[in-house]
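Observations on chain architecture
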Amino acid sequence: MSQATTGWETIRGATPNQVRFYREQGYVKLGRIFTREELDALRAHVDAMIAALPEGKRPEGMDTPHFEDPWLFRYLTHPRVLDVVEAFLGPDLVLWSSHFIAKPAGDGRAVPWHTDGAYWGRRLQPMKVLTLWLAVDESRVENGCMRVLSGSHREVAAAMEQYEQVDQASHVFGFRLPPHLIDESRAVDLELAPGEAHLHDAWTIHGSNANRSGSRRCGYTMRYMPADVVHHPKGGHRIYLVRGEDRTGGRNEYAPIPD
């Protein structure tokens, strides 16, 4: 049975209108990049990862899982993923990082308003990262879908020194942009069906509410940058040249991509 007859179609690349919208607004929604079978396999893998977490480890915090789990590279380096990313960043691509954020049903933690660029600081110069957010589960307002402030990637520099602490017992991260800098009237809820994706810029202000619903909300963030970005290593972090050539004049050190 074809994907078309089952209502599940995959995209290849991105349209000029999608690229234009991303440049203007700092985010864009996409269709499905992976087949139903590929997504089902990823979901089963995530389920097993969560089941194996040590006692007390929250599923929202599964950061850089690909460092220890080479199986994930079949998704991170999939040609359909790289074709999409290339439309926005060009032909020379580096995998910067990845992260599962799985909010359990009933008590999933909120993600406070923030920008990724502020979190990563001076580790990347210049800060040019695109995050592909893949919906492993359905992502809706009710279970805490991601929210963005449209166009905020063009205005965020003035807010960079104004982060404040938040209670980590109820939030995934321990800092946020203060409420007086957040114009909720510009917030866009990025609801996704399973397998759909959206992209956001490293300077786009985004966050998500707590999950008090009866369904889990899991997303896989797959983060890429053009190969002219210089990486300043910290804490053993590894980057991977996944398409094209290095454009830093040899300043970056790339880890080998697992077989």
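Everything discussed here concerns the structure shown above.
A brief look at the structure comes next. The shown structure was predicted, so the numbers you read here are calculated from the model rather than taken from an experiment. (Residues numbered from 1 in each chain as written. Predicted model: local features only at pLDDT ≥ 70, side-chain atom pairs only at ≥ 80, totals over all residues. Heavy atoms only, no water.)

**Examining helix 2 (residues 36-51)**
With 16 residues, helix 2 ought to run about 22 Å at 1.5 Å a step, and its terminal C-alpha atoms sit 22 Å apart, in line with that. The set of residues buried in helix 2 consists of Leu-39, Leu-42, His-45, Val-46 and Met-49. Seen end-on, helix 2 carries its buried residues on one side only, within an arc spanning 120°. Turned more than 90 degrees from where helix 2 packs its buried face, Glu-37 and Ala-51 sit exposed. Against the buried residues of helix 2 lie strand 2 (62-63), helix 3 (73-76), strand 3 (93-103), strand 6 (130-135) and strand 13 (217-226). (Helix = DSSP H or I, 4+ residues; strand = E, 2+ residues; numbered from the N terminus. Expected span 1.5 Å × (residues − 1). Buried < 20%, exposed > 50% of the residue type's maximum accessible area, 1.4 Å probe, protein only. Arc of directions from axis to C-beta. Contact = heavy atoms within 4.5 Å.)

**Some thoughts on the packing of aromatic side chains**
Here the structure, examined in full by the defined rule, presents 7 aromatic pairs. Between Phe-34 and Tyr-75, the aromatic rings sit 5.0 Å apart at their centres with planes inclined by 65°, giving edge-to-face as the arrangement. You can see Phe-34 sitting in the loop between strand 1 (27-32) and helix 2 and its partner Tyr-75 sitting in helix 3, a full 41 residues away along the chain. Pairing Trp-96 with Trp-120 gives two aromatic rings, centres 5.7 Å apart and planes at 80°, and the pair type is edge-to-face. Residue Trp-96 is found in strand 3, and its partner Trp-120 is found in helix 5 (residues 116-120); the two are separated by 24 residues along the sequence. Residue Trp-96 is classed as buried on the basis of its relative accessible area, which comes to 1%. An aromatic cluster of at least three residues, connected via ring pairs, comprises Phe-34, Trp-71 and Tyr-75. (Phe/Tyr/Trp six-rings, centres within 6.5 Å; stacked < 30°, edge-to-face > 60°.)

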